[in-house]
Amino acid sequence: MPQQPPVRSTPARPSRLDASMSLLTNVMDHSLDDGYAEAAARKKAAGESGMPKTLRAKLGLAAGLVLAALVVTVGAAQARVAAPVVAKERQELIDRIDKETTSADKLEGSVDSLRDDVSARQRAALKASGGSGQADLVSMLSGATAVHGPGVKLVVDDAKEASSGGGDNPRETADFSDTGRVRDRDMQRVVNGLWAAGAEAVSINGQRLTALSAIRAAGDAILVDNRPLVPPYTVLAVGDGKRLSTRFQNGADGLYLHALEDNYGIRATIAVESDLRLPAAPSVIVRTAQPRTEKGTS
């Protein structure tokens, strides 16, 4: 028999198709990466064991609002508790002020009564010395006695747009003359002008002026003999009414008052009166001057 050739066996090679199929199978079986899978697992665990962040934020906000409401409630309660105490202290302070004001008014009335008594005794002493007529004239001219007679009534008031108080207070400005307020210097010039025009007795808002009277300013008020006056300022001057009015308005001080009206809006009216009544001034105390005797010695 013819001998057959030997058959050679070779090992089988792996197919490329099988390798590619295994990679695709791996991708299909594991659609998520391990990192994504772990993150998803942690998120799921947090959702099961904790609460969402939005819920925690809402709860924190609610707690803050509750705390704020509690603070406001406590403050309101304390204010209600303290209100009666504050009201009581305020009323006590008002009562003290009223009491002290009443006491001051009584003392001022006593001082006025004593001044009148001193003036009366001075006049009586002068009459007893034999100079009754001269004593009456001196007491009238010095303001120690009340007078009445014809004269002029001059009313001076601030400008309508004049302001007072706070930062708009014209008395606190550098150029005080450029305001619509009546100043103490203005009243000084008005009074001096009336004296120069022939006034025999002058008063401002019921305050009789004497040779020792002082017109000054204190804040928004004008002081006459340390007594505060407020506008409008009513100046009464006893004398020959028509002549007094004409001479004052044509004089330097009257022209000064007209300039205040034209430039700063200060209001002023003057009228001739047939009968004016002026009160007596407080007793005039002379500390330095001495009367002269007939021989010229004191």
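The coordinates are above.
Residues numbered from 1 in each chain as written. Predicted model: local features only at pLDDT ≥ 70, side-chain atom pairs only at ≥ 80, totals over all residues. Heavy atoms only, no water.

Draft legend 1. Highlighting a negative patch on the surface. Negative charge collects at one region of the surface, where Glu-89, Glu-92, Asp-95 and Asp-98 lie side by side. You can see Asp-98 is positioned in helix α3 (residues 53-128). (Patch = residues over 30% accessible without salt bridge, like charges linked within 9 Å, V, L, I, M, F, W, Y side chains within 5 Å. Areas by Shrake-Rupley, 256 points an atom, 1.4 Å probe, with all protein chains shown as cover. Salt bridge = Lys/Arg side-chain N within 4 Å of Asp/Glu carboxyl O. Lys, Arg positive; Asp, Glu negative; His and termini not counted. Charge placed at Lys NZ, Arg CZ, Asp CG, Glu CD. Helix = DSSP H or I, 4+ residues; strand = E, 2+ residues; numbered from the N terminus.)

Draft legend 2. Region of the structure containing the pairing of strand β2 (residues 201-204). On β2, burial covers both faces: Ala-201 and Ser-203 on one face and Val-202 and Ile-204 on the other are all buried. One ladder, built from four bridges, connects β2 with strand β7 (residues 233-238); its direction is antiparallel. When the bridges of β7 are listed, Ile-204 appears paired with Val-235. Sheet topology places β2 next to strand β3 (residues 207-208); two bridges connect them, and they run antiparallel. Note on β3: the bridge partner recorded for Ser-203 is Arg-208. (Buried < 20%, exposed > 50% of the residue type's maximum accessible area, 1.4 Å probe, protein only. Pairing = 2+ DSSP bridges.)

Draft legend 3. Spatial organisation of unusual backbone geometry. Along the chain, Pro-231 connects to Pro-232 via a cis peptide bond; the corresponding omega equals 0 degrees. For Asn-205, which is not a glycine, the phi torsion comes out positive at approximately 50 degrees. Tracing the sequence through the fold places Asn-205 in the loop between β2 and β3. In this structure, Asp-225 takes a positive phi of about 55 degrees despite not being glycine. You can see Asp-225 is positioned in the loop between β5 (221-224) and β6 (227-229). Judged by relative accessible area, Asp-225 falls into the partly exposed class, the value being 31%.

Draft legend 4. Looking closely at the sheet that holds β2. Strand order across the open sheet formed by five strands is β3-β2-β7-β1-β8, with antiparallel pairing between neighbours. Looking at which strands have only one partner, the edges of the open sheet turn out to be β3 and β8 (267-278). Taken strand by strand, helix α6 (residues 241-250) contacts β1 (147-157), β7 and β8, and its axis lies near 150 degrees from that of β8. (Contact = heavy atoms within 4.5 Å. Axes fitted to C-alpha atoms, helices over the stretch in contact; angles between N-to-C directions.)

Draft legend 5. Representation of the nonpolar core within the structure. Counting residues in each nonpolar core, the largest one holds 27 residues, and the members touching the most others are Val-156, Met-187, Leu-194, Ile-204 and Leu-257. For this core, the secondary-structure elements that each account for two or more residues are β1, α5 (184-197), β2, β5, β7, α6 and α7 (252-264). Here this core takes five residues from α5, the largest share from any one element. Ignoring any residue separated from it by four or fewer positions in sequence, one finds Leu-194 in contact with Val-152, Ala-199, Val-235, Ala-237, Leu-244 and Phe-248. Within the second largest apolar cluster, six residues are counted, among which are Val-147, Ala-201, Leu-236 and Val-238. (Core = buried A, V, L, I, M, F, W, Y, C linked by side-chain atoms within 4.5 Å.)

Draft legend 6. Broad picture of the sheet that holds strand β4 (residues 215-218). Spatially, β4-β5-β6 is the arrangement adopted by the three strands of the open sheet, whose pairing is antiparallel. Looking at the sheet topology across the chains shown, the edges are occupied by β4 and β6. Along the sheet, successive strands turn relative to each other by an average axial angle of 40 degrees, direction set aside. With three bridges joining them, β5 and β6 adopt antiparallel strand pairing. Paired with Val-224 across the strands is Arg-227, a residue of β6. Running at roughly 165 degrees to β4, α5 makes contact with β4 and β5 of the sheet.

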